[in-house]
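Here's the letter readout for the chains.
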Amino acid sequence: MKRSEGKLNLLIGTALLSPALRLIPGSAAALGGTSAWLGPLAALPLALLYAALLQRLRRTLRPGECFPELILRTLSRRFGRALLLLFAGWLLLYTGFLLRAGADRLQITAYPRSGPSFFVLSMGLLLLTAALGPFRSLTRMARVVGPALFLVLLLMLGTAAKSVDCSELLPLGGEELLCSAFPALDLLAFGLAARFFFSPGRTGKGEGFLSCVRRLGLFSLLLCALGAAIQGRFGAALSARLSAPFFALVRNLVFFRSLERMEALVVGLWILPDFLLGGLCLQGAQRCLRLALGQRPEEGESRLDFSGGRLLIWLCGVVSIALGLLLGRDPASLQHWSRTIIPLLNLFYSLLVLPVTALLCGRKGIP
């Protein structure tokens, strides 16, 4: 049990590197100025309270049962299916946005003369193959690439530490610090919600709260180090304006000036967290949609199997690609989606819709 939970934690942690490099510290710097780099630590207490709430709500899950199945079991047929369709719609929208944001990053950092359509289509087809396969294929991939990605990130941050100007990290203000916590809270809340969404009920105790505290604390410190490295190099004002601050940092590191096109390798590596996060969302969306329409997913389904409502997986892939092509047609619109619409919707679903739904299920279900 603990081993499977560890695999899911690694998958979610690796996948969260995708939005982390998009939001930290740009969105936080726009909200909190020079206090932005400490935003993740300011968000940690709220994230731990949310984690404690979700751990209590997990007691309503039966062994082997995940959150979508709990909704279908405990709520009325019409209301339960409506909620599943709501979650499926949100996850498809988020997947489409991830395709568009990933394409924009590749276009800006590596292929400035190309358009986003090719990248949206190619990554969308890869995500479709991930959704057609078993969920464990994502966890296996995370076990292979996750440690390497975290090692590369730590190497980049260690190299960047030599060029950090500490004066750019001060002064610190209480109100600004609270404002800068929202982007990190968005990340941590999504990760906790995803774990609750995909982790099945257990016959034993499962992961202890202290283990959760340690995991969230380490990830928050990593986000603080990321924010400090970028903000200390470019300053809060410029960090808030950069569309891809981490990759701007990589491009300016002294470590890379003796190695040709190494920054392109780092950009290419970060397609992997995009793939894992998009695959996670698309897996969740197709599961909710199939359950809402009366088709229960089974373990061990073949990618070429079209029975049991599996054509809906193809529909989810097509919708995600279409959204990726339609969202953020210009840089200003994409930045608005990235820093305002998607984070607010994410917080709405993670901190309000999901826990309220779980509480309703707990009142009607059997703990």
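Refer to the structure printed above.
Residues numbered from 1 in each chain as written. Predicted model: local features only at pLDDT ≥ 70, side-chain atom pairs only at ≥ 80, totals over all residues. Heavy atoms only, no water.

Asks: What exactly am I supposed to notice about the packing of aromatic side chains here?
Replies: Each aromatic ring pair is described using two quantities: the centre-to-centre distance and the angle formed by the ring planes. Scanning the model with the defined rule gives 14 aromatic pairs in all. With centroids separated by 5.0 Å and ring planes inclined at 15°, the aromatic side chains of Phe-135 and Phe-198 adopt a geometry described as stacked. Placement of Phe-135 in the loop between α7 (117-132) and α8 (136-160) and of Phe-198 in helix α10 (residues 181-198) is noted, with a sequence separation of 63 residues between them. With relative accessibility at 15%, the residue Phe-198 sits in the buried group. (Phe/Tyr/Trp six-rings, centres within 6.5 Å; stacked < 30°, edge-to-face > 60°. Helix = DSSP H or I, 4+ residues; strand = E, 2+ residues; numbered from the N terminus. Buried < 20%, exposed > 50% of the residue type's maximum accessible area, 1.4 Å probe, protein only.)

Asks: What exactly am I supposed to notice about the pattern of salt bridges here?
Replies: Between side chains of opposite charge, a pair can form as their charged atoms come close. Evaluated as defined, the whole model comprises four salt bridges. Across the salt bridge formed by Arg-287 and Glu-69, the nearest N and O atoms sit 2.4 Å from each other. On the criterion of sequence distance, the pair formed by Arg-287 in helix α15 (residues 271-292) and Glu-69 in helix α5 (residues 67-74) is long-range, its members being 218 residues apart. Residue Asp-274 pairs with Arg-105 through a salt bridge whose shortest N-O separation is 2.6 Å. Highlighted residues: Asp-274 in helix α15 and Arg-105 in helix α6 (residues 77-109), separated in sequence by 169 residues. (Salt bridge = Lys/Arg side-chain N within 4 Å of Asp/Glu carboxyl O.)

Asks: Any chance you could explain helix α11 (residues 209-234) here in plain terms?
Replies: For α11, which comprises 26 residues, the first-to-last C-alpha distance of 37 Å matches the rise-based estimate of 38 Å (1.5 Å per residue) to within 8%. Two residues or fewer after α11 comes Gly-235, characterised by a positive phi angle close to 85°. (Expected span 1.5 Å × (residues − 1).)

Asks: Mind showing me how you'd approach the environment of Pro-245 here?
Replies: For Pro-245, the position within the fold is in helix α13 (residues 245-251). In this view, Pro-245 contacts Leu-21, Ile-24, Pro-25, Ile-230 and Phe-234; residues no more than four positions away in its chain are not counted. (Contact = heavy atoms within 4.5 Å.)

Asks: Looking at this structure, I do not really get the layout of surface pockets. What am I missing?
Replies: Any empty space left between atoms is shown by rolling a water-sized probe over those atoms. What the largest pocket holds in volume is close to 750 Å³. Lining the largest pocket we find 29 residues, and of these Phe-135, Arg-136, Phe-198, Arg-287 and Glu-299 sit closest to its centre. Residue assignment for the lining of the largest pocket shows that the elements contributing at least two residues are α1 (2-15), α7, α8 and α15. Across the lining of the largest pocket, the residue classes tally to ten nonpolar, eight polar and eleven charged. (1 Å grid on protein atoms, 1.4 Å probe; cavity = no way out; pocket = protein on both sides within 12 Å on 5 of 7 lines; lining within 4 Å. Points joined across faces, edges and corners; volume = space filled by probe spheres on them. Nonpolar A, V, L, I, M, F, W, Y, C, P; charged D, E, K, R; others polar.)

Asks: What should I look at first to understand empty space enclosed by the protein in this one?
Replies: All chains considered together, the criterion is met by three cavities of 30 Å³ or more. In this structure, the largest cavity occupies an estimated 150 Å³ of space. If you trace the largest cavity, you find 13 residues lining it, with Trp-90, Leu-91, Phe-190, Ala-193 and Phe-197 closest to the centre. When residues of the lining of the largest cavity are traced back to their parent elements, those giving at least two are α6, α10, α15 and α17 (331-364). Broken down by element, the lining of the largest cavity gets its largest block of residues, five residues, from α10. Considering only residue class, the lining of the largest cavity consists of twelve nonpolar, one polar and no charged. As for the second largest cavity, its lining consists of ten residues, and the residues nearest its centre are Ala-51, Leu-54, Gln-55, Leu-192 and Arg-195. Along the lines of polarity and charge, the residues of the lining of the second largest cavity split into five nonpolar, one polar and four charged.

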